[in-house]
Amino acid sequence: MTTIPWLTLLWAIPVLGAAVIIVLPASLRQFAKYAGLVVALAVLALALVLAVRFQPGGAQFQFVENHPWIPSFGTGYILGVDGIALVLVVLTAVLVPLLLIAGWNDADDRPGLSGRGTHSYIALTLAVEGMVLMSLVALDILLFYVFFEAMLIPMYFLIGGFGAENRSKAAVKFLLYNLFGGLVMLAAVIGLYVVTSASKAFDAGTFDFREIADAVATGKFVLQPGVANALFLGFMFAFAVKAPLWPFHRWLPDAAVQATPASAVLMMAVMDKVGTFGMLRYCLPLFPDASTYFRPVIVGLAVIGIIYGAVLAIGQTDVMRLIAYTSISHFGFIILGIFVMTSQGQAGSTLYMVNHGISTAALFLIAGFLVSRRGSRLIADYGGVQKVAPVLAGTFLVSGLATLSLPGLAPFISEFLVLIGTFTRYPIFAVCATIALVLSALYVLWMYQRMMTGPVTDGNEHVRDLGRRELLVVAPLIALLIGLGVYPKIALDVINPAVTATLTSIHQPDPAPTVAEGARP
């Protein structure tokens, strides 16, 4: 019986679809759009099949594919998915078709490449999707690295080719930061291969993540502390730039503002999640002692990033830049949950990756729809929008409330779990991170008050409400924010076993309670 290569199909469909679309005749612009949407919907259907067939109580990695790639170099074409990767695969597959619809007309006035501007835009978006999906399902470290770096190229062209006035500078900044991080990681990847070659735990050098992680967990493969710390920092640096973690965040606000809203969401809600995923997938299981050694520093940087992003968001006059800074704060929460190394923290962090993707997509896209109508990103140019575009204002409010983690909306439970998990190990850091909840309420509600309430200001009288195409994008996102806010169990049931497996492999049980059961205050 032939086993269906589900994971190969998952990443190959968008990549092959991109290759076909880019060579279509220039006159078939509309066909290229619909073809890209069909490809993205096919990937979504496949991701949902994987989600239904996945067994949370089964093997840690499922749908495994293992084929030789470069045997003499210890690397193979090894794919597999656990609960953490699965929820991010589904998030990616859900968002990309919505982003294609949201950016339906973004490339129509960019006729580059012999009139194939639209073809290029669609193909580049699908290429990013395919490379992100491959990064999420790769179980060979070298294979992961190749696609971790390769996804920068189509994203660079999406920013530099289809963005705003200063797009070229932002695209170069994005590329240089991330390429530098990737080169540091490459040195660490090579170093890891060298130390596995010299170890008696392996027959030869290997890049097989499962083999190395199992040897580390069982004590068969023990690195010298100095070597482990250096390799950990090589991996962590690349992931911290991609995520981004403060102070490696400087590229994100410019890239987010200068890209089209759909491309910015693709970058922040989809591509950047590979950074936090890499921390959880590779840094902890491969280098558990080094992760524990550097844990206080990383947790401290995450808390600084949480507060820093929130404070700078308050001071922004550009609505798109404000939302970009909120993402820096949210990534701080995600990284905080990963490195406190508790079951609640890591489950909340993984769920936060999903919820941040949905809430950021909703808020950024709705803001983009508004900016395209008014022609200005300045908050001061708006006022009274809810009187002329009530549906736009209402969905903007719901998305903003999700961003500040209002109970009943999806981000609340993930942020709550991160804070609980942090408090059990680092109560002072948990208290500091909680300050950001107050700050987020300030920047979201103040932004809404200035832009949407009060009398209609000059220039906003003719702002149109959301149209059918825009509602087709926004409605599923709002539904997901409410659905996962009311019933997060559907995601947590998949995430929790994978988190437990990770913490078990690095020998990090949850801290014991400090108050005896049944004790009275």
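Quick caveat: nothing in here was measured; it's all calculated off a predicted structure.

1. Concerning the environment of I338
Here's step 1: One can find I338 in helix α15 (residues 319–339).
Here's step 2: Along the chain, I338 and A42 lie 296 residues apart, while their C-alpha atoms are 32 Å from each other.
Here's step 3: Contact partners of I338, with chain neighbours within four places excluded, come to T276, M279, L280, L284, G345, Q346, S349 and M353.

2. Side note on the UniProt feature "domain: NADH:quinone oxidoreductase/Mrp antiporter transmembrane" (unreviewed entry) in the protein
Here's step 1: UniProt feature "domain: NADH:quinone oxidoreductase/Mrp antiporter transmembrane" (unreviewed entry): in the numbering of this structure it lies at residues 138–439.
Here's step 2: In residues 138–439, helix accounts for 79% and strand for 0%; the two terminal C-alpha atoms are 38 Å from one another.

3. Quick notes on the packing of helix α3 (residues 83–102) against helix α21 (residues 468–486)
Here's step 1: Across the interface, α3 lies against α21 with an axial gap of 8 Å and an inter-helix angle of 150°. The pairing of α3 with α21 is recorded here as roughly antiparallel in orientation. Relative to α21, α3 is oriented so that their crossing is left-handed. Packed against α3, whose contacting residues are V94, L95, L98, I101 and A102, the element α21 presents R469, L472, V473, P476, L477 and L480 at the interface.

4. Re the confidence of the model for the protein
Here's step 1: Summing up the model confidence of the protein, the mean pLDDT is 88 and the portion of residues at 70 or higher is 96%.
Here's step 2: Across the protein, element-level confidence peaks in α3 with a mean pLDDT of 94 and bottoms out in helix α4 (residues 112–115) with 55.

5. Quick word on the nonpolar core
Here's step 1: L10, I141, F174, F235, M267 and F339 are the most contacted members of the largest nonpolar core, which has 205 residues in total.
Here's step 2: Here this core gets 16 residues from one element, more than from any other, and that element is helix α16 (residues 343–374).
Here's step 3: Once residues lying within four places of it in the same chain are set aside, the contact partners of F174 are L152, M155, Y156, I159, W251, A255, M267 and M271.

6. A short note on the packing of aromatic side chains
Here's step 1: Evaluation of the coordinates by the stated rule reveals 26 aromatic pairs.
Here's step 2: Arranged with centres 6.3 Å apart and planes meeting at 90°, the rings of F61 and F209 form a pair that is edge-to-face. Within this pair, whereas F61 is found in the loop between α2 (29–53) and β1 (62–70), its partner F209 is found in helix α9 (residues 209–218), the two being separated by 148 residues in sequence.
Here's step 3: Exposure remark for F209: the relative accessible area of 4% places this residue in the buried category.
Here's step 4: Ring centres of W246 and Y308 lie 6.3 Å apart, and the angle between their planes is 55°; this geometry places the pair in the tilted category. Here W246 is found in the loop between α10 (225–242) and α11 (251–258), whereas its partner Y308 is found in helix α14 (residues 288–314), with 62 residues between them in sequence.
Here's step 5: A relative accessible area of 24% places Y308 in the partly exposed class.

7. Some details on the packing of α11 against helix α12 (residues 261–271)
Here's step 1: Packing of α11 against α12 leaves a shortest axis separation of 7 Å and a crossing angle of 145°. Facing W251, L252, A255 and A256 of α11, the residues of α12 in contact are A264, M267 and M268.
Here's step 2: The residue makeup of the contact of α11 with α12, split by class, is seven nonpolar, no polar and no charged.

8. A closer look at the environment of I328
Here's step 1: When you line up the elements, I328 lands in helix α15.
Here's step 2: Assessed through its relative accessible area of 1%, I328 is described here as buried.
Here's step 3: Between the alpha carbons of I328 and G309 there is a distance of 5.3 Å; along the sequence they are 19 residues apart.
Here's step 4: Leave out the neighbours within four places in its chain, and I328 touches H249, L252, P253, G305 and G309.

9. Section: unusual backbone geometry
Here's step 1: Cis geometry marks the peptide bond from A243 to P244, where omega comes out at -10°.
Here's step 2: Mapped onto the elements, P244 comes out in the loop between α10 and α11.
Here's step 3: Here the bond from W246 into P247 is cis, since omega is 10°, no more than 30 degrees from zero.
Here's step 4: Turning to its location among the elements, P247 is positioned in the loop between α10 and α11.
Here's step 5: Here the phi dihedral of M341 falls at roughly 55°; this positive angle occurs in a residue that is not glycine.
Here's step 6: Relative to the helices and strands, M341 resides in the loop between α15 and α16.
Here's step 7: The buried category is assigned to M341, whose relative accessible area is 0%.

10. Re helix α18 (residues 390–403)
Here's step 1: For α18, spanning 14 residues, the distance from its first C-alpha to its last is 20 Å, which sits close to the expected 20 Å at 1.5 Å a residue.
Here's step 2: Those residues of α18 that are buried are in contact with α15, α16, α17 (385–388), α19 (410–423), α20 (427–452) and α21.
Here's step 3: One or two positions beyond α18, positive phi appears at S405, with a value near 65°.

11. As for the environment of T502
Here's step 1: Relative to the assigned elements, T502 resides in helix α22 (residues 489–505).
Here's step 2: Along the backbone, T502 and Q60 are 442 residues apart, and their C-alpha atoms lie at a distance of 9.6 Å.
Here's step 3: Those residues in contact with T502, other than ones at most four positions away along the chain, are I84, L280, P285 and Q346.

Conventions and cut-offs
Residues numbered from 1 in each chain as written. Predicted model: local features only at pLDDT ≥ 70, side-chain atom pairs only at ≥ 80, totals over all residues. Heavy atoms only, no water. Helix = DSSP H or I, 4+ residues; strand = E, 2+ residues; numbered from the N terminus. Contact = heavy atoms within 4.5 Å. UniProt positions renumbered as here; feature names shortened; annotations may be inferred. Axes fitted to C-alpha atoms, helices over the stretch in contact; angles between N-to-C directions. Parallel < 35°, antiparallel > 145°, perpendicular 65-115°, else oblique. Left-handed = near helix turned anticlockwise from the far one by under 90°. pLDDT = per-residue confidence, 0-100. Core = buried A, V, L, I, M, F, W, Y, C linked by side-chain atoms within 4.5 Å. Buried < 20%, exposed > 50% of the residue type's maximum accessible area, 1.4 Å probe, protein only. Phe/Tyr/Trp six-rings, centres within 6.5 Å; stacked < 30°, edge-to-face > 60°. Nonpolar A, V, L, I, M, F, W, Y, C, P; charged D, E, K, R; others polar. Expected span 1.5 Å × (residues − 1).

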